[in-house]
Amino acid sequence: VQLQASGGGLVQAGGSLRLSCAASGTFFSVNDMGWYRQAPGKQRELVARITNSGSTNLAESVKGRFTISRDTAKNTVYLQMNSLKPEDTAVYYCDAQIYQLRTGSRVYWGQGTQVTVSS
C-alpha cells in the first residue's frame, strides 16, 4: 500500500493550493483519511480529517479557509487551501486508515509535500 501526495508548492499570501493524496495497492477498504502538517521546529498537527461517510473535522486555525474532500472511487483525499497565510507554511502529510484482509486495519502515511506561503 502506498499513499502518494502531490500539489504542494510556493504561493503568495492570500493564494490557493490544492493537495491530493491517492492510495494505491492491494486492500479491502479505505476508511478515515486526513491531512497533517509539520512546520520547522514544531510538532506535527492535525489539519483536517474526513470519514468514509463524508463527515469532516478541521482544525480551528484553518476553518473557513481549507476544505477537505474525497473521491471514494479513486481512494483519493483532497485539501483545498484558500486564503493561505505565511503561518500555513509546513510539510503536509496525508494519512489513511486502510483495511487489508490479511492484516486488518492500520494507518499509512504519505511522503509529505512542502507548502510555502510567502508574505
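Use the structure listed above.
Residues numbered from 1 in each chain as written. Predicted model: local features only at pLDDT ≥ 70, side-chain atom pairs only at ≥ 80, totals over all residues. Heavy atoms only, no water.

Caption draft 1: Up close: the state of the cysteines. Tallied over the full model, the rule gives 1 disulfide. Bridging Cys-21 to Cys-94, the disulfide has an S-S length of 2.0 Å. Because the torsion about its S-S bond is 55°, the bridge between Cys-21 and Cys-94 counts as right-handed. A residue pair is termed long-range when its members are at least 10 positions apart, and Cys-21 in strand 3 (residues 17–24) and Cys-94 in strand 9 (residues 90–100) qualify at 73 residues. (Disulfide = S-S within 2.5 Å. Helix = DSSP H or I, 4+ residues; strand = E, 2+ residues; numbered from the N terminus.)

Caption draft 2: Spatial organisation of the environment of Arg-18. Tracing the backbone shows Arg-18 in strand 3. Among the residues examined, Arg-18 registers a relative accessible area of 46% and is labelled partly exposed. In the structure, Arg-18 is positioned 11 residues away from Gly-7 in sequence and 5.8 Å away in space, judged by C-alpha atoms. (Buried < 20%, exposed > 50% of the residue type's maximum accessible area, 1.4 Å probe, protein only.)

Caption draft 3: Spotlight on a nonpolar patch on the surface. Among the surface-exposed residues, Phe-28, Tyr-99 and Leu-101 lie close enough to one another that they form a single nonpolar patch of about 350 Å² accessible area. With respect to the helices and strands, Phe-28 occurs in the loop between strand 3 and strand 4 (29–38). Owing to a relative accessible area of 58%, Phe-28 belongs among the exposed residues under this scheme. (Patch = residues over 30% accessible without salt bridge, like charges linked within 9 Å, V, L, I, M, F, W, Y side chains within 5 Å. Areas by Shrake-Rupley, 256 points an atom, 1.4 Å probe, with all protein chains shown as cover. Salt bridge = Lys/Arg side-chain N within 4 Å of Asp/Glu carboxyl O.)

Caption draft 4: Just the nonpolar core, in detail. Counting 31 residues, the largest nonpolar core has Trp-35, Phe-66, Leu-79, Met-81 and Tyr-92 as the members making the most contacts within it. Looking at this core element by element, the count peaks at 5 residues for strand 9. Setting aside its immediate chain neighbours within four residues, Phe-66 contacts Arg-37, Val-47, Leu-58, Leu-79, Gln-80, Met-81, Asn-82, Leu-84, Asp-88 and Tyr-92. (Core = buried A, V, L, I, M, F, W, Y, C linked by side-chain atoms within 4.5 Å. Contact = heavy atoms within 4.5 Å.)

Caption draft 5: Broad picture of the pattern of salt bridges. Evaluation of the coordinates by the stated rule reveals 5 salt bridges. Its salt-bridge partner being Arg-65, residue Asp-88 comes within 2.7 Å of it at the nearest N-O pair. One end of the pair, Asp-88, is in the loop between strand 8 (76–81) and strand 9; the other, Arg-65, is in the loop between strand 6 (56–58) and strand 7 (66–71), with 23 residues separating them in the sequence. Each member of the pair, Asp-88 as well as Arg-65, carries the same accessibility label: buried. Here the residues in one salt-bridge network are Arg-37, Glu-45, Arg-65 and Asp-88, joined through shared partners.

Caption draft 6: Seen up close, the environment of Pro-86. For Pro-86, the location among the structural elements is in the loop between strand 8 and strand 9. Look at Pro-86 and you get partly exposed, because its relative accessible area is 35%. Sequence separation between Pro-86 and Leu-101 is 15 residues; the distance between their C-alpha atoms is 43 Å. Those residues in contact with Pro-86 that sit more than four places away from it in its chain are Ala-13, Val-117 and Ser-119.

That's the geometry; what it means functionally is another story.
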